[in-house]
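Chain residues, written in single-letter form:
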Amino acid sequence: MTTVGIIANPASGRDIRRLVAHGSIFNNDEKANIFRRVLLGLEAVGVERVLIMPESFGIGRRALDGLSVELAASFLPIPVTFTQEDSTRAAKLMAADGVGCIVTIGGDGTNRAVAKESGEVPLMPISTGTNNVFPTMIEGTIAGMAAGLVARGLAEDAVCRQPRLEVVFSMDSDRDWDSCTWVSRPPDDIALVDAAVCDERFVASRAVWDVSKIKELILTRAEPGNIGLSAIGAHVPQGNGVADDSTSLGTEQGLYLRLEPGGKQVLAPIALGLIRNVGLVECRPLRPGDIVSVNGQRPCVLALDGEREIELSPGATAHVRLSVNGPRLICARRALELAARAGFFLRQADPC
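As the structure is a computational prediction, the values presented were derived from the model and not from experiment. (Residues numbered from 1 in each chain as written. Predicted model: local features only at pLDDT ≥ 70, side-chain atom pairs only at ≥ 80, totals over all residues. Heavy atoms only, no water.)

Trainee: Quick question: what am I supposed to make of the packing of aromatic side chains here?
Mentor: To describe a pair of aromatic rings, you give the distance between the ring centres and the angle between the ring planes. By the definition in use, this model includes 1 aromatic pair. Its guanidinium or amino end placed over the ring of Phe75, Arg61 lies 4.1 Å from that ring's centre, counting from NZ or CZ. Seen from the ring of Tyr256, Arg284 lies directly overhead, with NZ or CZ sitting 4.4 Å from the centre. (Phe/Tyr/Trp six-rings, centres within 6.5 Å; stacked < 30°, edge-to-face > 60°. Lys NZ or Arg CZ within 6 Å of the ring centre and 35° of its normal.)

Encoded structure:
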C-alpha cells in the first residue's frame, strides 16, 4: 500500500521577523487549505494511505473535514509537545512505517527538524515559513501529485541528495577533529542551509534578524534570489579582494564568511523587506568534509537555519562539517515531467 506522510507546522511563519521586518502572518487556515489540496493531489495519482502528524491547531483534521477522498488517513499516536521535537519524532515514525515520501508544510526550521530523522525518505517541502531556502513556494496540488508519483516509484529521477551541515560539540578545543571523528559518532545537530555564530549570550527569541550580532556564517548554498542569511554569501562577487576566485559554488560546495562592521559592505535581504549592509572580511569556499571549529573564547550562540539554538559557554567548541549526506529532495516539476513522458496521465476513453 503506497503511503505518504504529512507534517504541517502550525508555528511556521509566525516568528519575531514578522514584527521587525515586513512580512505577514501565514494563517493556519491557509495551511489547512494547502493540506487539503495536497491530499487531493496524492489521491489523484494513486496514493492509498497517509500518515499525519498531530499538532496543536489541528491542521490535518481541518483539511479532512468535509473532504471526499478514498485514501485512508490516520494520525500518528504521539503526544503533542508544541516543540520542533514533534516534527522530528513524527519523521522517525513515518520512516519506520515505510512511507514513500514525507510532505512538509513549514519553513527551513521545520524541514531541519524533519531531516534529523527522515533518513532516506524523500521530502516534498512546501514553503509556509518566514525565510525559506530549502522549501519552495509551490502549489499544494502539484506538491501532492509529485510526492505521490515519487512514493509510487514512478519518478525516482526527480529526487536528488542535498548537502547539510553536521554539528558536533566538544569541551576540548585543542582536539584535532577530522572527518574520521564522525565515523564513530553521529552529529549532535544539523542545519540544511546555514549555521551562524552570534555574539550573544542567550537563545532568547530564537529567530536571527540583527546581522550586527553575526560574527561567522557557514552556508551549504548561496543562491541569488533567496531571502535570509544565505543571501549574504549569494551577493559576494568573485575576485573582489575578500572572496577568492573559487567562491562561485558548485553543487557540492559550501561557503564560510567572517563578518565585521569595518569590512567590505555587502547589501543583502536578511528578511522580508529587511535589507541590510553587512561587513565582510573573509569569504572562502568549503568542500565536502571541510570542518569549521567555533571556539567559545567568550559566550556565543550558534544559530541553525536562521534560529538560535545552542548557547556556547567559554571553553566549549562546536565543530561544523559540510556533508553531502543530507536529505533527499523532490523536484516537483521534474517528477511531473517524468510521469508525463511515461504516459502516466493518459487515460483510456470511456466506451460509447
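Trainee: Looking at this model, I keep getting lost on the pairing of strand β12 (residues 274-286). Mind explaining?
Mentor: Within a regular beta strand, the side chains point alternately toward one face of the sheet and then the other, so they alternate between its two faces. Bridge analysis of strand β11 (residues 254-271) against β12 gives 13 bridges, and the strand direction is antiparallel. By the bridge assignment, Ala268 is partnered in β12 with Arg276. (Pairing = 2+ DSSP bridges. Helix = DSSP H or I, 4+ residues; strand = E, 2+ residues; numbered from the N terminus.)

Trainee: What am I meant to see in the pairing of strand β2 (residues 49-52) here?
Mentor: For strand β1 (residues 3-8) and β2, the ladder comprises 4 bridges, and the chain directions are parallel. Across the sheet, Ile6 pairs through a bridge with Ile52, a residue of β2. The sheet contact formed by β2 and strand β3 (residues 72-75) spans 4 bridges and is parallel. Of the residues in β3, the one forming a bridge with Val50 is Ala73.

Trainee: I tried to follow the sheet that holds strand β7 (residues 164-170) on my own but got confused; where do I start?
Mentor: Paired through their backbone hydrogen bonds, the strands of a sheet run either parallel or antiparallel. Within the open sheet, the 4 strands sit side by side as β8-β7-β16-β13. Their pairing is antiparallel. Edge strands, defined here as strands with exactly one partner in the open sheet, are β8 (189-191) and β13 (291-295). Shown here is a sheet whose adjacent strand axes are inclined to one another by a mean of 25°, direction ignored. By the bridge criterion, 5 bridges tie β13 to strand β16 (residues 317-323) in an arrangement that is antiparallel. Directly across from Val294, in β16, lies its bridge partner Ala318. (Axes fitted to C-alpha atoms, helices over the stretch in contact; angles between N-to-C directions.)

Trainee: Got a minute to help me understand the sheet that holds strand β10 (residues 214-219) in this structure?
Mentor: If you trace the 6 strands from one edge of the open sheet to the other, you get β12-β11-β10-β9-β14-β15, paired in antiparallel fashion. The outermost strands of the open sheet, each flanked by one partner alone, are β12 and β15 (307-312). Across the sheet, the mean angle separating the axes of adjacent strands is 35° when strand polarity is ignored. Here strand β14 (residues 300-304) pairs with β15 via 5 bridges, running antiparallel. Along β15, the bridge assignment pairs Leu302 with Ile310.

Trainee: What is the right way to look at the packing of helix α6 (residues 140-151) against helix α8 (residues 332-341) in this model?
Mentor: A packed helix pair is summarised by two numbers, namely the angle formed by the two axes and the spacing between the axes. Across the interface, α6 lies against α8 with an axial gap of 9 Å and an inter-helix angle of 60°. When the interaxial angle is binned, α6 and α8 end up oblique. For α6 against α8, the interelement crossing comes out left-handed. Contacts between α6 and α8 pair Ile142, Met145, Ala146, Leu149 and Val150 from the former with Ala332, Ala335, Leu336 and Ala339 from the latter. Along the lines of polarity and charge, the residues of the contact of α6 with α8 split into 9 nonpolar, no polar and no charged. (Parallel < 35°, antiparallel > 145°, perpendicular 65-115°, else oblique. Left-handed = near helix turned anticlockwise from the far one by under 90°. Contact = heavy atoms within 4.5 Å. Nonpolar A, V, L, I, M, F, W, Y, C, P; charged D, E, K, R; others polar.)

Trainee: Honestly, α6 in this entry has me stumped. Any pointers?
Mentor: Along an α-helix, residues three or four apart share an orientation, since each turn contains 3.6 residues. Between its first and last C-alpha, α6 extends 16 Å over 12 residues, near the 16 Å set by a 1.5 Å rise per residue. In terms of burial, α6 is largely enclosed, as 10 of its 12 residues are buried. Among the residues trailing α6, Gly153 stands out with phi positive, at a value near 80°. (Expected span 1.5 Å × (residues − 1). Buried < 20%, exposed > 50% of the residue type's maximum accessible area, 1.4 Å probe, protein only.)

Trainee: Any chance you could explain the nonpolar core here in plain terms?
Mentor: Within soluble globular proteins, side chains that are nonpolar tend to cluster in buried spots. Of all hydrophobic cores here, the largest spans 40 residues; its most connected members are Ile6, Phe35, Leu39, Leu42, Val103 and Met124. The set of elements that each furnish at least two residues to this core consists of β1, α2 (28-44), β2, α3 (59-64), β4 (101-106), β5 (123-127), α6 and α8. Excluding residues within four positions of it along the chain, Val103 makes contact with Val4, Gly5, Ile6, Ile7, Val38, Met124, Ile126 and Ala147. If you look at the next biggest cluster of nonpolar residues, it comprises 23 residues, including Ile232, Val236, Ala268 and Val278. (Core = buried A, V, L, I, M, F, W, Y, C linked by side-chain atoms within 4.5 Å.)

Trainee: Is there a simple way to think about the confidence of the model for the protein in this case?
Mentor: A low pLDDT score tells you not to read the predicted coordinates there in detail. Of all residues in the protein, 86% have pLDDT values of 70 or greater, and the mean over the chain is 88. Confidence drops under pLDDT 50 across residues 244-250; counting only partners more than four residues distant or on other chains, this segment forms 18 contacts. (pLDDT = per-residue confidence, 0-100.)

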